[in-house]
Amino acid sequence: MTDDLGAKAPKYLQIAAQLRREVREGKFKPDNRLPAETALAERFRVSPITLRNAIGVLRAEGLIESRHGVGTFVRESRRLHRRSRDRYGRARKDQRLLTSHLRHEIVFAGRIPVPAHIAEVMDIEPGTEIVVRRRNLYDRETGKPEEIGASYIPAEFAAGTYLEEPTVVPKGLFLCVEDLSGKRYTTARDQWVARLPTADEAAALALPMGAPVMHVIHTARAEDGSILEVSESVWPADRIMVIDDYQVEPSATEPEAPSEV
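Throughout what follows, the structure given in this document is the object of discussion. (Residues numbered from 1 in each chain as written. Predicted model: local features only at pLDDT ≥ 70, side-chain atom pairs only at ≥ 80, totals over all residues. Heavy atoms only, no water.)

We now examine helix α2 (residues 37-44). Regarding α2, the residues found buried are Leu40, Ala41 and Phe44. On an axial view of α2, the arc spanned by its buried residues comes to 100°, and they lie on one face. Of the exposed residues in α2, those oriented more than 90 degrees away from the buried face are Thr38 and Glu42. At its buried positions, α2 is contacted by α1 (11-24) and α3 (48-60). Once α2 ends, the next one or two residues include Arg45, with phi positive near 60°. (Buried < 20%, exposed > 50% of the residue type's maximum accessible area, 1.4 Å probe, protein only. Helix = DSSP H or I, 4+ residues; strand = E, 2+ residues; numbered from the N terminus. Arc of directions from axis to C-beta. Contact = heavy atoms within 4.5 Å.)

With that out of the way, let us pick up the sheet that holds strand β9 (residues 227-236). What the 6 strands build is an open sheet, ordered β4-β5-β6-β9-β8-β7; its pairing is antiparallel. In the strand order of this sheet, the two ends are held by β4 (102-113) and β7 (185-195), each with one partner. The mean angle between the axes of side-by-side strands here comes to 15°, regardless of whether they run parallel or antiparallel. As defined by bridge partners, strand β8 (residues 213-222) adjoins β9 across 9 bridges and the pair is classed as antiparallel. Bridge pairing in β9 links Met214 to Trp235. (Pairing = 2+ DSSP bridges. Axes fitted to C-alpha atoms, helices over the stretch in contact; angles between N-to-C directions.)

With that out of the way, let us pick up α1. Between its terminal C-alpha atoms α1 stretches 20 Å, which fits the 20 Å expected from 14 residues at 1.5 Å a residue. Here α1 has its buried residues at Ile15, Ala16, Ala17, Leu19, Arg20, Glu22 and Val23. Buried-residue contacts for α1 involve α2, α3 and β2 (71-74). (Expected span 1.5 Å × (residues − 1).)

Quick look at unusual backbone geometry now. In the Ramachandran plot, Asp31 falls in the positive-phi region, its phi being about 75° despite a non-glycine side chain. Residue Asp31 is classed as partly exposed on the basis of its relative accessible area, which comes to 48%. For Arg45, which is not glycine, the phi torsion reads 60° and is therefore positive. Considering the arrangement of structural elements, one finds Arg45 in the loop between α2 and α3. Given the relative accessible area of 79%, Arg45 is considered exposed.

Now for the packing of aromatic side chains. Within this structure, the stated rule accounts for 2 aromatic pairs. Here the aromatic rings of Phe174 and Tyr185 are separated by 5.6 Å at their centres, their planes lie at 70°, and the arrangement is edge-to-face. In this pair, Phe174 is assigned in helix α7 (residues 173-181) and Tyr185 in strand β7, connecting sequence segments 11 residues apart. Side by side, Phe174 and Tyr185 carry an identical accessibility label, which is buried. The side chain of Arg67 reaches across the aromatic face of Phe73, ending 4.1 Å from its centre. (Phe/Tyr/Trp six-rings, centres within 6.5 Å; stacked < 30°, edge-to-face > 60°. Lys NZ or Arg CZ within 6 Å of the ring centre and 35° of its normal.)

Structural measurements only, silent on function.
Rendered as structure tokens:
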């Protein structure tokens, strides 16, 4: 993708493209303050409204952020990397991987009626009692919120256990669930949706107006097909990168390439 929009593009998009280019080329570095809106409007010879529209585009992209009473700054372009496919294997191999640069805070743990969207995934009646653990994650260095989420666990083996206590568990949650259920995580499915945040999500993640989020619902099953856990996570879309490494298998109907003699 390029920023070469052409002269027919709306003026505010042309300005956004030029400022975006200058950030990428290093004219404005992370945490640098941009010139005042009045100065930028004068530079591009546009009205304050047109300039604000251009700034709004870059803010929605997560490239810049406004600090109340201070100004507009270039944001640091660090993204969290999520590798779903092999995360269980890596956690089994090395428990130290569970300690990251994110600080976990359990904001609720206990039994509740299952929310409708989770009941649909778990294929149970809405209102069925389950154990939920709601969490907020923060960057240890900056203190900024990076993720909000929850894990939903069948009450048949989680009710009345330490999973109902609002404290961080001593090892990976899936290992705790395996211990309590007597079953092993075997298959998993992730459902990803990009959307605008709810008002509560925007407040919890300190998002600027119009900034999107990534929402994943993760369903883990045992070998017998029973659900061991459903978890959901919400991230600011500009702070997450999903990485999925996998083998490329030949089609069953695809002929094999001739071997060299």
